[in-house]
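# Coordinate inspection notes
What follows is each chain in one-letter form.
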Amino acid sequence: EVQLVESGGGLVQAGQSLRLSCAASGFTSDDYAIGWFRQAPGKEREGISCITRDAANTYYADSMKGRFTISSNNAKNTVYLHIDSLKPEDTAVYFCASERIWSDSCPITPGPYDYWGQGTQVTVSS
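Quick look at the structure, then. These numbers were taken from a predicted model, which means no experiment stands behind them. (Residues numbered from 1 in each chain as written. Predicted model: local features only at pLDDT ≥ 70, side-chain atom pairs only at ≥ 80, totals over all residues. Heavy atoms only, no water.)

### Remarks on the overall build of the protein
A tally of regular secondary structure across the protein gives zero helices and 11 strands. Across the protein, helices and strands are ordered from the amino to the carboxyl terminus as β-β-β-β-β-β-β-β-β-β-β. In terms of overall dimensions, the protein has C-alpha extents of about 45 × 25 × 25 Å along its principal axes. Split into buried and exposed, the 126 residues of the protein put 40% on the buried side. Of the contacts formed within the protein by residues at least 6 apart in sequence, a portion of 60% connects residues at least 24 apart. For the protein, the exposed surface amounts to about 6,500 Å²; the carbon and sulfur share of it is 46%. (Helix = DSSP H or I, 4+ residues; strand = E, 2+ residues; numbered from the N terminus. Buried < 20%, exposed > 50% of the residue type's maximum accessible area, 1.4 Å probe, protein only. Contact = heavy atoms within 4.5 Å. Areas by Shrake-Rupley, 256 points an atom, 1.4 Å probe, with all protein chains shown as cover.)

See the structure below:
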């Protein structure tokens, strides 16, 4: 059974940086991707970025380019999301999710992802 656990969220001040972690376990194949998503109050879940494990390809939603950086440590089965210059509008629950893939690409939409973590709350104050 695949399990994903997010951590690293909390209350931060605007302008600061934050690194979120997604610890994965239970995979039976190396061919999978990890995506980061967020959902703010009253809004739909939106994609941020995704990364492939074997090829280490990364993809970003157009609106997320610049302040967001995804990376991974395969030895630790952990994927990270670094957020620079946090803004109050970044306040949301941040989720990681996994998808089995058979190519070098990964989607930045929630639908194809099979397993989800519980989410970690990020709150940015002014």
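Let us keep going from here.
### Section: the sheet that holds strand β7 (residues 68-73)
What holds strands together in a sheet is hydrogen bonding between their backbones, with the strands either parallel or antiparallel. Strands sit in the order β1-β3-β8-β7 across an open sheet of four strands; the sheet is antiparallel. Each edge of the sheet is formed by a strand with only one pairing partner; in this case those strands are β1 (3-7) and β7. Across the sheet, the mean angle separating the axes of adjacent strands is 20° when strand polarity is ignored. Note: β7 against strand β8 (residues 78-83), six bridges, orientation antiparallel. Residue pairing in the sheet places Ser-72 in a bridge with Val-79 of β8. (Pairing = 2+ DSSP bridges. Axes fitted to C-alpha atoms, helices over the stretch in contact; angles between N-to-C directions.)

### Quick word on the nonpolar core
Counting 26 residues, the largest nonpolar core has Leu-20, Ile-34, Trp-36, Leu-81 and Tyr-94 as its most contacted members. For this core, the elements supplying multiple residues, two or more each, are β3 (18-25), β4 (32-39), β5 (46-52), β7, β8, β9 (92-100) and β11 (120-125). It is β3 that provides the largest number of residues to this core, a total of four residues. Ranked by size, the runner-up nonpolar core spans seven residues in total, among them Ala-33, Phe-37, Cys-50 and Cys-106. (Core = buried A, V, L, I, M, F, W, Y, C linked by side-chain atoms within 4.5 Å.)

### Here's the deal with the pattern of salt bridges
Scanning the model with the defined rule gives four salt bridges in all. For the salt bridge of Glu-46 with Arg-38, the shortest nitrogen-to-oxygen distance reads 2.7 Å. The exposure class assigned to Glu-46 is partly exposed, which follows from its relative accessible area of 31%. A residue is classified by how much of its surface remains accessible, and Arg-38, at 10% relative accessible area, is buried. Between Asp-62 and Lys-65 there is a salt bridge whose closest N-O contact spans 3.3 Å. Lys-65 matches Asp-62 in its accessibility class, with the two residues each being exposed. When salt bridges with common partners are traced through the structure, they connect Arg-38, Glu-46, Arg-67 and Asp-90 into a single cluster. (Salt bridge = Lys/Arg side-chain N within 4 Å of Asp/Glu carboxyl O.)

### Brief notes about the state of the cysteines
The tally for this structure, following the rule as stated, stands at two disulfides. Bridging Cys-22 to Cys-96, the disulfide has an S-S length of 2.1 Å. In this structure, the disulfide formed by Cys-22 and Cys-96 twists by about 70° around the S-S bond and is classed as right-handed. Of this pair, Cys-22 sits in strand β3 while Cys-96 sits in strand β9, and the two are 74 residues apart along the sequence. (Disulfide = S-S within 2.5 Å.)

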